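# Geometric and topological summary
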Amino acid sequence: MLGRNGSGKSTLARVIAGLQKPDSGRVRIAGVDVARDRRGALEAVGILFQNPDHQIIFPTVREELAFGLSQSGLTKPQVAQRVARTLAHFGKTDWADAAVHQLSQGQRQLVCLMAILAMQPEVIVLDEPFAGLDIPTAMHLTRVLDAAEAALVHITHDPRTVMGYDHALWIEAGAVVEQGAAPQVAQAYEAAMREVGARDDLADIAG
Amino acid sequence: MERNVAQIAVFTALIAALGLIPQLTLAFGVPITAQSLGVMLCGTVLGARRGAIAALLFVGLVAIGLPLLSGGRGGLGQFMVPTSGFLIGFPVAAFVTGLVMERLRGLPVGWAAGIAAGIGGIVVLYAFGISGLAIALDRPVTEAALLVTAFLPGDGIKAVLAGLVTAALYRARPLSVMSRP
Amino acid sequence: MISLTSPVRTRAHGWPAGVKLAGLCLASVALFAVTDVWLMATVAGAVLLLYALPGRVFLRYGVRRLWPLWPFVAVIVLWHLATGAAQDGLLIALRMIAAVALANLVTMTTTLEAMMGVVRGLLRPLRRFGINLRAMELAVAMVIRFTPVLAQKGAALSLAWRARARRRPGWRVVVPLLVLALDDADHVAEALRARGGLRDVEGK
């Protein structure tokens, strides 16, 4: 999903994750009404936010990964097993007892991602997850995401990141402007954005 | 010096922010406002002197007309309502909390913080609050005390939480707990 | 963050804050000297009139801000009815309402700037005892800046919690918020130092 800051794409991300109720209509992901059936929603959708510091609640990696799992009703041995398996899958078993605040931004974002993948959702919503990450780190996380079994919904303002996706939507002022094959939509979006950028855009304060 | 002032200001903002966040269900499904937890944390984390200044700054800002009390309340009227004793008691509560915290440095952080929060955030704060109520409602102190008993369990939980939160902060960032240099 | 000053302009908006505050102190003391219920009722009515003068919006807002007092009014009236001192109860209730209403009136007709001016004036003689006025002013600005920021971060953390758990956020969400707050303090302190620091530079 492509769009400028303030276009409504983050709101859409939250609606898809079931964190915000739509004013009208229903949102079904993998058959689950995500706003109403929170239990089913947790198994169907995961969401990765932009800033890992606004997501990570626990001080160690192990506790952060275990959180969603223990909340979904697994027993303690089951949780421990899942955490260990997730860490091993990423080759980060030695991170288990690491303190989060000693990790870099990219490493923290990976912890957030692992915490979501441990819950094995069908769909993962990514709300501008690469903002502020350097190129190698963004590439690494992209590879991790590609390898994940879930369907990815990537919210971004950067057209370059949507190239590998099956379908793209261009959102503006809360409405879909165009949708279709990613390369075409990205091209149209970029052209329009450059045109806006050539004019004086910062003059108006929102609202 | 700048760090001191910035930390005090940020804790004042934290007290206000904790009043703005929609009620956290802190324990056993009991929804309680987290604002007085902020006052306790001023004492357990910043210590007596800085914690008291942060709480005093909070009271001062409410007085000059900022809607910092939970529910967006504020202004001079808050010093005339029957519960004004609690508001006026914030700085003293933070100070005593910090004082007890500093005295109990032999105990593990969580226990010290919990006890300090109980003495400062409940005993001292309620002393101010109940006195204020008694004066405003023109009733003897014992009757005023009866009125507030309903809030004791919630605040008791908050003192325990202050202990847990301070201990968690100490584990994550030992240097930031000022009351334990 | 919006202050509680009323956007409805009244004549009182132009009066010096110090005068209004002094007047409030005197009026509050005077209120406690009134012992006759009818006199108190008249006073309360006069205060209500003051609210009505600037118009309906002002009056409605003022009354709304008095509404949270109703449990206390109920307690006072019921208690005094039960002990056969109904008139005393009414006196106390009316006094409370009048006192709160007057104080709110001052808040509603005085800007933050004006209040800060009074505080500055009161604290200036204390500078000899080490009170750093510039630090205080910056601290006030920082609180106003950071309260919405921390509230937003708290909301973001609560959202991240709800994305992985059905129960509403528990106490654990306060810990990362505290850490973020302390980090913000460090960043601001650094920025302050880079721009001159907090030396009290109020001209002598």
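Read on for a plain summary of the structure. All residue numbers refer to position in the chain's written sequence, counted from 1. A letter from A marks each chain and a number from 1 marks each ligand, given out in the order of writing. At least 70 in pLDDT is required for a residue's local features to be given in this predicted model, at least 80 for side-chain atom pairs to be given and counted, and no such filter applies to totals for whole chains, interfaces and linings, which use all residues.

Along chain B, the regular secondary structure elements total 7 helices and 2 strands. We count a stretch as a helix when DSSP gives it H or I for four or more residues in a row; a strand needs E for two or more, and each element gets its number in order from the N terminus. Element order for chain B, N to C, with α for helix and β for strand: α-β-β-α-α-α-α-α-α. Relative to a compact globule of 181 residues, whose C-alpha radius of gyration would be 16 Å, chain B shows 15 Å and is just as compact. Dimensions along the principal axes, computed over C-alpha positions, put chain B at roughly 45 × 30 × 30 Å. Per-residue burial over chain B gives 63% buried out of 181 residues. Counted over contacts in chain B with a minimum sequence separation of 6, partners at least 24 positions apart contribute 70%. Both definitions apply: the radius of gyration is a C-alpha atom measure, and the globule rule equals 2.2 Å times residues to the power 0.38. Exposure classes come from backbone-placed C-beta atoms, where a residue is buried if 20 or more other C-beta atoms lie within 10 Å of its own, exposed if 12 or fewer do, and partly exposed in between. We call two residues in contact if the C-beta atoms placed from their backbones are at most 7 Å apart.

Before going further, it helps to spend a moment on the packing of helix α2 (residues 35–46) of chain B against helix α3 (residues 48–63) of chain B. Residues and elements named next belong to chain B. Two elements in contact, α2 and α3, have axes whose closest approach is 7 Å; the angle formed by their N-to-C orientations is 150 degrees. Relative to α3, the element α2 lies roughly antiparallel. Handedness of the α2/α3 crossing: right-handed. On α3, the residues touching V39, C42, G43 and L46 of α2 are A48, R50, G51, A54 and A55. For helices, the fitted line uses only the C-alpha atoms of the stretch in contact; every axis is such a line through C-alpha atoms, and the angle between N-to-C directions lies from 0 to 180 degrees. Each angle receives one of four descriptions, namely roughly parallel if under 35 degrees, roughly antiparallel if over 145, roughly perpendicular if within 65 to 115, and oblique otherwise. We call a crossing left-handed when the near helix sits turned anticlockwise from the far one by less than a right angle, and right-handed when that turn is clockwise.

Attention now moves to the interface of chain A and chain C. The partner chain C presents 15 residues to the 16 residues of chain A that form the contact. Amino acid classes used here: Ala, Val, Leu, Ile, Met, Phe, Trp, Tyr, Cys and Pro are nonpolar; Asp, Glu, Lys and Arg are charged; the rest, including Gly, are polar. Looking at the side of chain A that touches chain C residue by residue, the classes come out as 9 nonpolar, 4 polar and 3 charged.

Time to look at the packing of helix α5 (residues 109–137) of chain B against helix α7 (residues 152–172) of chain B. All names here are of chain B. Where α5 contacts α7, the axes come no closer than 7 Å and their chain directions differ by 145 degrees. Seen from above, α5 lies across α7 with right-handed handedness. Note on element contacts: α7 touches α5 through D155, G156, K158, A159, V160, A162, G163, L164, T166, A167 and Y170, opposite V109, G110, W111, A113, G114, A117, G118, G121 and I122. Residue classes in the contact of α5 with α7 are distributed as 11 nonpolar, 7 polar and 2 charged.

Turning to the interface of chain B and chain C, a few remarks are in order. Taken together, the 48 residues of chain B in the interface contact 58 residues of chain C. If you list the elements that add at least two residues to the side of chain B that touches chain C, you get α1 (2–20), β1 (24–27), α3, α5 and α7 of chain B. Counting residues per element, the side of chain B that touches chain C draws most heavily on α1 of chain B, at 14 residues. Its residues assigned to classes, the side of chain B that touches chain C shows 35 nonpolar, 8 polar and 5 charged.

Moving on, we come to the pairing of strand β5 (residues 123–127) of chain A. All names here are of chain A. Of all 5 residues in β5, 4 are buried, a share of seventy percent or more. Here, any two strands with at least 2 DSSP bridges between them count as paired. Pairing of strand β4 (residues 45–48) with β5 involves 4 bridges; the strand directions are parallel. In the strand pairing of β5, V45 is matched with V123. Alignment of β5 against strand β6 (residues 151–155), held across 5 bridges, turns out to be parallel. Residue pairing for β6: L126 is matched across the bridge by H154. Between the parallel pair β5 and β6, the chain is carried across by helix α6 (residues 135–147), and the sense of this crossover is right-handed. Consider the strands pointing away from the viewer: the crossover is right-handed when the path from the first strand over the helix to the second runs clockwise.

Residue and element names in this part refer to chain A. Here 3 strands make up an open sheet; going across it, the order is β4-β5-β6 and the pairing parallel. With partners counted over all chains shown, the strands left at the sheet margins are β4 and β6, one partner each. Between one strand axis and the next, the sheet turns through 15 degrees on average, direction left out of account. The strands that helix α1 (residues 9–17) touches are β4, β5 and β6; relative to β5, the one it contacts most, it runs at about 155 degrees.

On to unusual backbone geometry, then. Even without a glycine there, the phi angle at A173 of chain A is positive, about 50 degrees. Here A173 of chain A is to be found in the loop between β7 (168–172) and β8 (175–180). A tally of 10 C-beta atoms within 10 Å means that A173 of chain A is categorised as exposed. A positive phi is found at D138 of chain B, a non-glycine position, where the angle reads about 55 degrees. Residue placement: D138 of chain B occurs in the loop between α5 and α6 (141–148). The exposure class assigned to D138 of chain B is partly exposed, which follows from the 18 C-beta atoms found within 10 Å.

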